[in-house]
Amino acid sequence: MLPGRQFFPRSGVKTPVSATAVIARQSTTAIRGVAVTVENIWRSYGAVAAVADVSLDVQGGEFLSLLGPSGSGKTTLLMMLAGFEAPQSGRISIGGRDVTHVPPNRRDVAMVFQRYALFPHMSVAQNIAFPLRMRRLGRAARDAKVREALDMVKLSGYAERRPAELSGGQQQRVALARAIVFDPTVILMDEPLGALDKKLRQHMQLEIKQLQARLGATVIYVTHDQEEALTMSDRVAVMNGGRLVQLGTPRALYDRPATSFVADFLGEMNFLRGRVRDVAAGLALVDVAGGVAHVRAEARRGAAVRVAVRPEHVTLLQGETTRDLTGRLAQVIFNGAATDVLIELPDGEALRARVGARSDEASLRPGDAVGIGWDPAAAHLFPDGET
Amino acid sequence: MTASIAEVESAPSGTIQPGAALPGALATPSRRGQLSAGASLLLLAPLVLLLGWAFFLPIIRLLLTSVTRPHLNVANYIRLATQPLYVEVFFRTIWISFATAVLALLLGYPVAALMARPGGKFPKLAAVCVLVPLWTSGLIRSYAWITLLQRNGVINNALLSLGVIHAPLTMLYTDGAVLLAMTHTLLPFMVLPIFSVLKSLPQDLPRAALNLGASRARAFLAVTLPLSLPGVAAGCLLVFVMALGFYITPALLGGPRTLMIATLISQQATEVLNWPFAGALSCVLLVLSLGITIGFKRLLRLDRVVSHD
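Keep in mind it's a predicted model, so treat the numbers as computed, not measured. (Residues numbered from 1 in each chain as written. Chains lettered and ligands numbered in written order. Predicted model: local features only at pLDDT ≥ 70, side-chain atom pairs only at ≥ 80, totals over all residues.)

**Some details on the environment of leucine 43 of chain B**
This is how the line gets drawn: Secondary structure counts use DSSP, requiring at least four H or I residues in a row for a helix and at least two E residues in a row for a strand, with both numbered from the N terminus.
Positionally, leucine 43 of chain B belongs in helix H2 (residues 37-68). Expressed as a C-alpha distance, the spacing of leucine 43 of chain B and leucine 179 of chain B, which sit 136 residues apart in the sequence, is 42 Å.

**Description of the domain arrangement of chain A**
Applied cut-off: The split of the chain into domains comes from an automatic or database domain assignment.
With domains assigned, chain A is organised as domain 1 (17-108 + 184-261) and domain 2 (268-383). A C-alpha centroid distance of 35 Å is found between domain 1 of chain A and domain 2 of chain A.

**Thoughts on the interface of chain A and chain B**
Formally: Each residue is represented by a C-beta atom placed from its backbone, and any two residues with such atoms within 7 Å are regarded as in contact. Three residue categories are used. Nonpolar comprises Ala, Val, Leu, Ile, Met, Phe, Trp, Tyr, Cys and Pro, charged comprises Asp, Glu, Lys and Arg, and polar comprises the others, including Gly.
With 18 residues of chain A at the contact, the number on the chain B side is 19 residues. Secondary structure elements with two or more residues in the side of chain A that touches chain B: strand E6 (109-112) and helix H3 (124-134) of chain A. Counting residues per element, the side of chain A that touches chain B draws most heavily on H3 of chain A, at 3 residues. Among the residues forming the side of chain A that touches chain B, the class breakdown is 13 nonpolar, 2 polar and 3 charged.

**What about the nonpolar core?**
Just so we agree on the cut-off: Think of a nonpolar core as buried Ala, Val, Leu, Ile, Met, Phe, Trp, Tyr and Cys residues, each tied to the set through C-beta atoms within 7 Å. Three exposure classes are used, all based on how many other C-beta atoms lie within 10 Å of a residue's own C-beta (placed from the backbone): buried at 20 or more, exposed at 12 or fewer, and partly exposed between those limits.
Of all hydrophobic cores here, the largest spans 116 residues; its most connected members are Ala177 and Leu188 of chain A. Shared between two domains, this core takes at least three residues from each, and those domains are domain 1 (17-108 + 184-261) and domain 2 (268-383) of chain A. In contact with alanine 177 of chain A, other than residues within four places in its own chain, are Ile128, Ala149, Leu150, Met152, Val153 and Leu155 of chain A. In this structure, Ala104, Ala126, Leu198 and Leu281 of chain B belong to the second largest nonpolar core, which totals 49 residues.

**A look at the sheet that holds strand E13 (residues 291-296) of chain A**
Residues and elements named next belong to chain A. As a reminder of what qualifies: Following DSSP output, two strands are said to pair if at least two bridges run between them. Axis lines are fitted to C-alpha atoms, over the contacting stretch for helices. Their N-to-C directions set the angle, which ranges from 0 to 180 degrees.
Here we have 5 strands laid out as an open sheet, ordered E13-E12-E11-E14-E20, and antiparallel in their pairing. Both edges of this open sheet fall to E13 and strand E20 (380-383), since each of them pairs with a single strand only. Recorded for the sheet is a direction-independent mean angle of 45° between the axes of neighbouring strands. Relative to E20, strand E14 (residues 304-309) runs antiparallel, the two sharing 4 bridges. Following the sheet pairing, arginine 306 is matched in E20 by phenylalanine 382.

**What about the confidence of the model for chain A?**
The condition is simple: Summary of the metric used: pLDDT quantifies the predictor's per-residue confidence within the range 0 to 100.
The predicted model of chain A has a mean per-residue pLDDT of 87, with 91% of residues at 70 or higher. Note on residues 1-28 of chain A: pLDDT is under 50 here. Beyond four places in sequence and across chains, it has 21 contacts.

**Observations concerning the pairing of strand E16 (residues 325-334) of chain A**
All names here are of chain A. Sheet topology places E16 next to strand E19 (residues 369-373); 4 bridges connect them, and they run antiparallel. In the strand pairing of E19, arginine 328 is matched with alanine 369. Inspection of the sheet shows E16 paired to strand E17 (residues 339-344) by 6 bridges, in the antiparallel sense. For arginine 328, the partnering residue across the bridge sits in E17 and is glutamate 344. Between the antiparallel neighbours E16 and E17 lie 4 residues, among them glycine 336 with a positive phi of about 90°.

**Examining the sheet that holds strand E10 (residues 243-248) of chain A**
All names here are of chain A. Read across the open sheet, the 6 strands follow the order E6-E7-E8-E3-E9-E10; overall the sheet is mixed. Strands at the two margins of the open sheet, each flanked by one partner only, are E6 and E10. For this sheet, the mean angle separating the axes of adjacent strands, direction not counted, is 20°. Contacts from helix H5 (residues 168-180) reach E6 and strand E7 (186-190) within the one sheet, and its direction differs from that of E6 by about 175°.

**So, helix H8 (residues 175-200) of chain B**
Residue and element names in this part refer to chain B. Just so we agree on the cut-off: For a helix, the expected span equals 1.5 Å multiplied by the number of residues minus one. Note on bend: the value at a residue is the angle between axes fitted to the seven residues ending there and to the seven starting there.
Between the first and last C-alpha of H8 there are 37 Å, a value that for 26 residues agrees with the 38 Å anticipated at 1.5 Å per step. Along H8, the helix axis deviates most sharply at leucine 186, where the bend reaches about 45°; the proline proline 188 sits within four residues downstream. For H8, the buried fraction is high: 20 of the 26 residues fall into the buried class.

So, in C-alpha cells, the structure goes:
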C-alpha cells in the first residue's frame, strides 16, 4: 500500500530550501505522530461481535478514517484505541508500546467526542487547561499553551466563556483545542462534525485537515459520511458488520472497490444483476437487463454476478440502438453542478448516468432512445448474493 | 368558557404588545398540547381549596394562638428563648439533623453512584435496596431498630454470646440510636436526587477527563463530583429539613434526654395541652426550616454555578 498523501513533505523528500524554511517557521514540520497498530482485535457484546478480527496499521502522521454504517464497529474500535473498552483478544500498540491493557489516562492519545464532552462547569480556558493541569504543568506555561491553542482554533476572545454560551461550531473548536493542547501524538475523533450543518461541516473539515498538517499528529477519524472520509483521509478503512472490509487510499477505494458493499457505500453506483455469457482476454460479457454489459474482469462462464458502474462512467449516445445495451431516457435530474439522467433499461431496471451540464447528452429529452456504454475497465464485477 | 377567561385575562393588561395576536386569538389553543391558563387554574382550584382550608388555615390559627391566647403577648416566645431546656432542644434538633444529613450523604453518595452506573446487575440491586425501605412505614423501621438495639436485642445477644462483651451495651434511647435510625429512614431522600443527577450526566464527560490524563479519582473529583453538586445540595436540604421535623423515630428510639422539637411540640399539645406554646414551637420550627431552605439556596446558587443541559 502506498503511503498516504502528505500535506507537508516528510524529512528526506527534497524541497527547495526557502520552502522548508517557511514551513519551519510556521510550525514544527516534523511528523510527530506515531504509528498505531491493531492486531487481530476481537470485541463482542453477548453473542454479537462488534469488532471481529480487525487488524490495522496506521502510519505516523497519517490521517486515517474508519468508515462504515452505524453498527459497523468503527466506534467500538475507536473506544478500544482510547482505552474505554478492552478487547477480548488481540493487541493494540501505539508508537511501538503495547497499550492493550493500559488505562485511558496513560495512553497519551487525545480524543474528540461526537458531543464535544466539554466540561460545563469550567470556562473555555479551564477546559483547555485541563489536560495540562493533569500533567502538572506550571501556571505560566499552562496559560501560554492555552492561548496558543485558542489562537490555533481562532477563538482567542472566548477564554472566559462557558461552553453553554458558545455555538455548536465554537464548542467543537474548543474540543479540538483541548485535544491538541497537550501535543498528543495520536488524535482520535468520533464523528466530531456529526452535529454541525453542512456548510460548517465542510469548513471544519478543512480546518481539521490544516490543523493536523500543522501538528503532524496521527489522526484516526470515525465517520459514517463517505464524502467526509474521501475528502479528509490519507487512507480509509471501510468497516461493515464488525469487520474491516477494505483499507486503502480514497482513490483506490473509489476506483477499485473490493466488495459490492464498498462499491455501494462509497459514492454512487449502478448495480445490474446478470450472468456471465463469455470471457475472452480478460473481458467479461455479461447478460444483463435485456442487453450485454462489458466488464474488464476475470470471471467464470455462467456465474451469477452483479455488474457495477458509476454514473459518471456511463456514456450515452442519442438514437444509437445498435449497441449491446440500450435504453430509454426516463427522467432528467438537475442537481446544480451536474445533471443526472435515469435510463429505463429494456427489462424495466433503472440506470443512472451523470452528464455534463453543457454536453450534448444534457440535451436529451425523456423518451429518447439511447445507446449505453462505458469503459470496460471502469466497471466492476461482483459475485451475486454477496452484500 | 375559556374564551371569557382569556378575555378577562387580556383585558386588564391594557397595553397589548406590538405584533401580538388579537385578544380573541389568545383563547385559541395555539400552543398544542397545552391547556389555557384559565383551564389550568380551574384544575388547580380543588387542590388550592383543600390546602387552604385543611392546611394553611389550621397552621395560621395554631401560629396565631401562640401570640393571642389568652391575650396579645409574646410570653411564649420569651419562655422559649430563655428556658435552657427549650434552647437545648432546638440546638440538639439542629445538630442531629445536620449529622443525619452528613451521614446520609457519606452513605448515600456511593450508593447513588453505583445505581447510576450503566448496565450490570448491581445498579438494579442497589436501586431495589434503596426503594424497598422507602415503601416500608417509618414506624415499622423504628421498631426494627428497637429489636436490634435493645438491652436483650439482636446485637447485644450476639456480642454477649460471642464473648466480645460481658454486659449488655446501652444503645437504645441514645442520640446515636436516633441518628442511626433517622439516617436509615431518610437515606433514600439523599440517594434519589444524587442518583438522578448522576444518571443524567453524559458518560462522555468522565471519559473525556480520563482521556485527557486524569486518574479515576481525579476525574471524579474534577468532573463528576462538581457536576453532581446540585443533587447533593437537593439531597442534603431534603434530609436536613425532613429531619428537623422528624417525630416517630426520635420519639421511639430517643430517651428523655434526646428530646427533639417535634416530640416536644407533641408533648405540649397532647400531654400538657399548652396549645399556645406548641404554636410558638411550631412557628420557630417553620421559620427555621424555611430560613435554612432559602439561605441554603441563596448561599450556594448551585443552579447557576452548574448549568448543563
